[in-house]
Amino acid sequence: MSRLSVNVDHVATVRQARLSVEPDPVTAALQAELAGADGITMHLREDRRHIQDRDLHVLRKIAKTRVNLEMAATKEMFDIALEVKPDMVTLVPEKRQELTTEGGLDVKTHHESLKRFVGGLRDAGIPVNLFIDPSLDAVKFSHKIGSDGIEIHTGKYAETREGGPGREAEIKRVVDAALLSKRLGLKTHAGHGLDYRNIKDVAAIKEIDEFAIGFSIIAMSVYTGVEAAVREMKRLIIEARR
Ligand code: PXP
């Protein structure tokens, strides 16, 4: 499997810059689907800096692929998830001041509360992935918590350059986490900071079922349009798997 879930948050970032109605992340999502995206991701943040509640509700009604709701483990978001019923939830840590999600969840410290939270969503029929750093401990705790799967944080990998320092070590961390995740029977996704250059090495990891990519695709869309940007990313993923 080599699925691509397109994160459309930054279409909403542009819209919110003028508190306007355009560009609409839902329209972009539909274009992404037409271009072969296997799913759409929206991160409804506590501060509503980009995606708004309306976006998620409209997407849920008209999306033809899988809707992945990225959210923090809060009571407010729990209630929204139960109302919207996305195809899956990815739990992420959230800090108000960060530009984007900075690190994975601390699944060790919070494993009891996460277990209850994940259990509540799963009881409502919503599969849950945990966004974690590529560490074996974090994979083991995610399994213990009872999540359906994980999303491996590729941000550190994305900060390295091809052939540069740390590149091999970061790829190895992602590979090891993916191998253990698969061995434990978890759905294995990866994302954060992936772009048209660095996707190759992670897309070659066959244990990863799905990639969640936002910023680079939306940035490319400004030049080429959403459909061409999505099609090219999908092509690179498929090519890396051959
Ligand atoms: N996965 C998760 C859990 C994220 O928080 C983000 C950023 O919203 C992404 C994937 C996508 O990252 P990027 O926008 O850098 O492609």
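Refer to the structure printed above.
Figured I'd write up the structure that's included with this text. (Residues numbered from 1 in each chain as written. Predicted model: local features only at pLDDT ≥ 70, side-chain atom pairs only at ≥ 80, totals over all residues. Heavy atoms only, no water.)

### Thoughts on the side chain of Glu33
Take Glu33: it is sitting in helix 2 (residues 25-34). Buried and unpaired, Glu33 has Lys64 as its nearest opposite-charge partner, separated by 5.3 Å. (Helix = DSSP H or I, 4+ residues; strand = E, 2+ residues; numbered from the N terminus. Buried < 20%, exposed > 50% of the residue type's maximum accessible area, 1.4 Å probe, protein only. Lys, Arg positive; Asp, Glu negative; His and termini not counted. Salt bridge = Lys/Arg side-chain N within 4 Å of Asp/Glu carboxyl O.)

### So, the sheet that holds strand 5 (residues 128-132)
Taken in spatial order, the 8 strands line up as 1-2-3-4-5-6-7-8 and close into a barrel, and their pairing is parallel. Strand-to-strand twist in this sheet, taken as the mean axis angle between neighbours without regard to direction, amounts to 25 degrees. Examined bridge by bridge, strand 6 (residues 149-153) and strand 7 (residues 187-191) share 5 bridges and lie parallel to one another. Paired with Gly149 across the two strands is Lys187, which belongs to strand 7. Of the strands in this sheet, strand 5 and strand 6 touch helix 6 (residues 136-145), which is tilted by about 155 degrees from strand 5. Lying over the sheet, helix 11 (residues 226-241) contacts strand 1 (3-7) and strand 8 (210-213), oriented at roughly 150 degrees with respect to strand 1. (Pairing = 2+ DSSP bridges. Axes fitted to C-alpha atoms, helices over the stretch in contact; angles between N-to-C directions. Contact = heavy atoms within 4.5 Å.)

### Quick look at the environment of Ile208
Here Ile208 is to be found in the loop between helix 9 (199-203) and strand 8. Ile208 sits in the buried class, given a relative accessible area of 0%. The residues contacting Ile208, other than those within four sequence positions of it, are Met1, Val174, Ala178, Thr188, His189, Ala190, Val202 and Arg241.

### Concerning the pairing of strand 1
Of all 5 residues making up strand 1, 5 are buried, and the element is well covered by its neighbours. Covered by surrounding structure in strand 1 are Arg3, Ser5 and Asn7 together with Leu4 and Val6, the residues of both alternating faces. In terms of strand pairing, strand 1 meets strand 8 through 4 bridges, oriented parallel. By the bridge assignment for strand 8, Arg3 is matched with Glu210.

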